[in-house]
Amino acid sequence: MSIKSFFEYGERVDGYDVRVLNEREARAAAGILFGLGLLSLLNAVMLSHGVVTRYFISFFTLDFLIRVINPSYSPSLLMGRFFVQNQTPEYVGAAQKRFAWFIGLLLALPMFYLLVIHWQPNPIKVLICSICLLLLIAESAFSICLGCKIYNLIMSKRATHCPGGVCEIRKKEPIQRFNKIQLIIVSLAFVALFYGLFSYMYKLENKTHIGKVVSEMMMSQEELEALEELEYQKELEAFENDED
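These numbers were taken from a predicted model, which means no experiment stands behind them.

Asker: Help me get a handle on the pattern of salt bridges, residues and values and all.
Answerer: Tallying each qualifying case throughout the model produces four salt bridges. Across the salt bridge formed by R81 and E25, the nearest N and O atoms sit 3.0 Å from each other. Here R81, found in helix 4 (residues 75-84), pairs with E25, found in helix 2 (residues 23-47); they are 56 residues apart in sequence, far enough to count as distant. Classification of R81 as partly exposed rests on a relative accessible area of 39%.

Asker: A description of the nonpolar core should follow, citing residues and the corresponding values.
Answerer: Counting residues in each nonpolar core, the largest one holds 22 residues, and the members touching the most others are L33, F60, F64, W101 and L136. At six residues, the largest contribution of residues to this core is made by helix 5 (residues 94-117). With residues up to four places along the chain from it excluded, the contact list for F60 reads L33, G104, A108 and L136.

Asker: So what's going on with a nonpolar patch on the surface? Which residues, and what values?
Answerer: Together, I150, L153, I154 and M155 give the surface a local cluster of nonpolar side chains, amounting to about 400 Å² of exposed area. Its location among the elements puts M155 in the loop between helix 7 (146-154) and helix 8 (180-202).

Asker: Could you give me a rundown of helix 4, with the residues and numbers involved?
Answerer: For helix 4, the complete set of buried residues consists of S76, L77, G80 and V84. Around the axis of helix 4, the buried residues are gathered within 100° of arc, so they sit on the same side.

Asker: Please set out the confidence of the model for the protein residue by residue, giving values where relevant.
Answerer: When the pLDDT values of the protein are averaged, the result is 81; 80% of them are 70 or greater. Confidence scores differ between elements of the protein, with helix 9 (residues 209-217) showing the lowest mean pLDDT of 60 and helix 4 the highest of 94.

Asker: Quick rundown of the environment of N70? Include the residues and the values.
Answerer: One can find N70 in the loop between helix 3 (51-69) and helix 4. Relative accessible area serves as the criterion here: at 6%, N70 is assigned to the buried category. For N70 and E8, which are 62 residues apart along the polypeptide, the C-alpha to C-alpha distance reads 7.8 Å.

Asker: Just give me the short version of the side chain of D63, but keep the residues and values in it.
Answerer: With respect to the element layout, D63 can be found in helix 3. Excluding residues within four positions of it along the chain, D63 makes contact with L33, S74, P75 and S76.

Rules used in this analysis
Residue positions are given per chain, counting from 1 as you read along its sequence in written order. Totals for whole chains, interfaces and linings use every residue, but because this is a predicted model, local features are given only for residues with pLDDT of at least 70 and side-chain atom pairs only at 80 or more, for both listing and counting. Just so you know, side-chain values use all the structure's heavy atoms and leave hydrogens and water out. Each salt bridge in this description consists of a side-chain nitrogen of Lys or Arg and a carboxyl oxygen of Asp or Glu lying within 4 Å of one another. Put simply, DSSP marks the helices as runs of H or I at least four residues long and the strands as runs of E at least two long, and each gets a number from the N terminus on. Note on exposure labels: buried denotes an accessible area under 20% of the residue type's maximum, exposed denotes more than 50%, and partly exposed covers the range between, all computed with a 1.4 Å probe on protein chains only. Take the buried Ala, Val, Leu, Ile, Met, Phe, Trp, Tyr and Cys residues and link them wherever side-chain atoms come within 4.5 Å; each set so joined is a nonpolar core. Any pair of residues with heavy atoms lying within 4.5 Å of one another is described as a contacting pair. Each patch is built from residues lacking any salt bridge and having more than 30% relative accessible area; the joining distance is 9 Å for like charges and 5 Å for nonpolar side chains (Val, Leu, Ile, Met, Phe, Trp, Tyr). The Shrake-Rupley method, run with a 1.4 Å probe sphere, supplies the accessible areas, and residue values consider only the shown protein chains as cover. What the arc describes is the spread of directions from the helix axis to the C-beta atoms. A residue's pLDDT is the confidence the predictor assigns to it, expressed on a 0 to 100 scale.

And the structure:
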């Protein structure tokens, strides 16, 4: 393999006017990274240690660096290829996928510095990790490449051969549309989902630091003052018990 061919991004496939990548292995890789990332986040938040998180962010950063240079040697993409090697490839444009993975690398680099080199966890860094997980699950579960959408917004030459054919102008098929009853069902499902998440974060007793921070961010000023008074009373009662 020559140096020139190593830096040629994507593959040449008959019938496609641009270099392409296999979306099936990209989705499989995103699912693998999402599972590992969720495990690392839960360990950091629930157990208050960063061993798993440090390993995952190191792997994630290296993996996306390789993806931006040459995705043929990305560990996660090769793992994804292992699981989908017997499925018919779904080819998508390489340029927009590279741009999307570059965004992932930009998110990974500060996380690598702040959570691997200097362990400084806080809600903002957890939020950035959560954004990474959101991008991964969007690609894995729904074949939605948000980075590809941003690519079309800022690049003069629009992307072609996007996942699910979203870059090409087309009319929705009947099976893709919602009737009134289906709209009501899906709306109620989303409302129930968000209410469940809200209740879980706001109403249940918080056992973790991040849970307490998020819960307090959602409280009114009166609720915060009542919480402070309650904590003061608990400390006062504990102090009086110690004196006895």
